[in-house]
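# Tertiary structure, described
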Amino acid sequence: MIRVLLVEETDLVRGALAALLTSEEDIEVVGEAPGNEQTVTRALL
């Protein structure tokens, strides 16, 4: 299983990516957030 955290500023793009990725059997979207440096830094810790 591939686990994905989506970080994207635009709600529409983030939602479309989440819908596309969740349609795949081996991908799980574990979270979504608007993008900024703090979000990415926290995800890496």
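Look up a bit, the structure's there.
These lines cover the structure that appears in this document, whether it is placed above or below. This structure is a prediction, so every number in the text was calculated from the model and none was measured.

On to the nonpolar core, then. Formed by Val4, Leu6, Ala18, Ile27 and Val29, the largest nonpolar core amounts to five residues. Those elements giving two or more residues to this core turn out to be β1 (2-7) and β2 (27-33). With residues up to four places along the chain from it excluded, the contact list for Ala18 reads Leu6, Val29 and Glu32.

Our focus in this paragraph is the pairing of β1. Bridge count between β1 and β2: six bridges; the pairing is parallel. Residue pairing for β2: Leu6 is matched across the bridge by Glu32. Each parallel crossover has a hand, and the one from β1 via helix α1 (residues 11-22) to β2 is right-handed.

The rules behind the values
- Along each chain, residue indices are assigned from 1 in the same order as the chain's sequence is written.
- Only residues with pLDDT of at least 70 get local features here, since the model is predicted, and only at 80 or more are side-chain atom pairs given and counted; chain-wide, interface and lining totals rely on the full set of residues.
- Here the side-chain values reflect all heavy atoms present in the structure, with hydrogen atoms and water set aside.
- Joining through side-chain atoms within 4.5 Å is the link that ties buried Ala, Val, Leu, Ile, Met, Phe, Trp, Tyr and Cys residues into a set, and such a set is a nonpolar core.
- Partly exposed residues are those whose accessible area sits between 20% and 50% of the maximum for their type, while under 20% is buried and over 50% is exposed, using a 1.4 Å probe and protein chains only.
- Comment: elements are numbered from the N terminus, with helices defined as DSSP H or I runs of at least four residues and strands as E runs of at least two.
- Any pair of residues with heavy atoms lying within 4.5 Å of one another is described as a contacting pair.
- We treat two strands as partners when DSSP finds at least two bridges between them.
- Throughout, right-handed denotes a crossover for which the path from the first strand over the helix to the second runs clockwise when the strands point away from the viewer.

Purely geometric stuff here, so don't read any function into it on its own.
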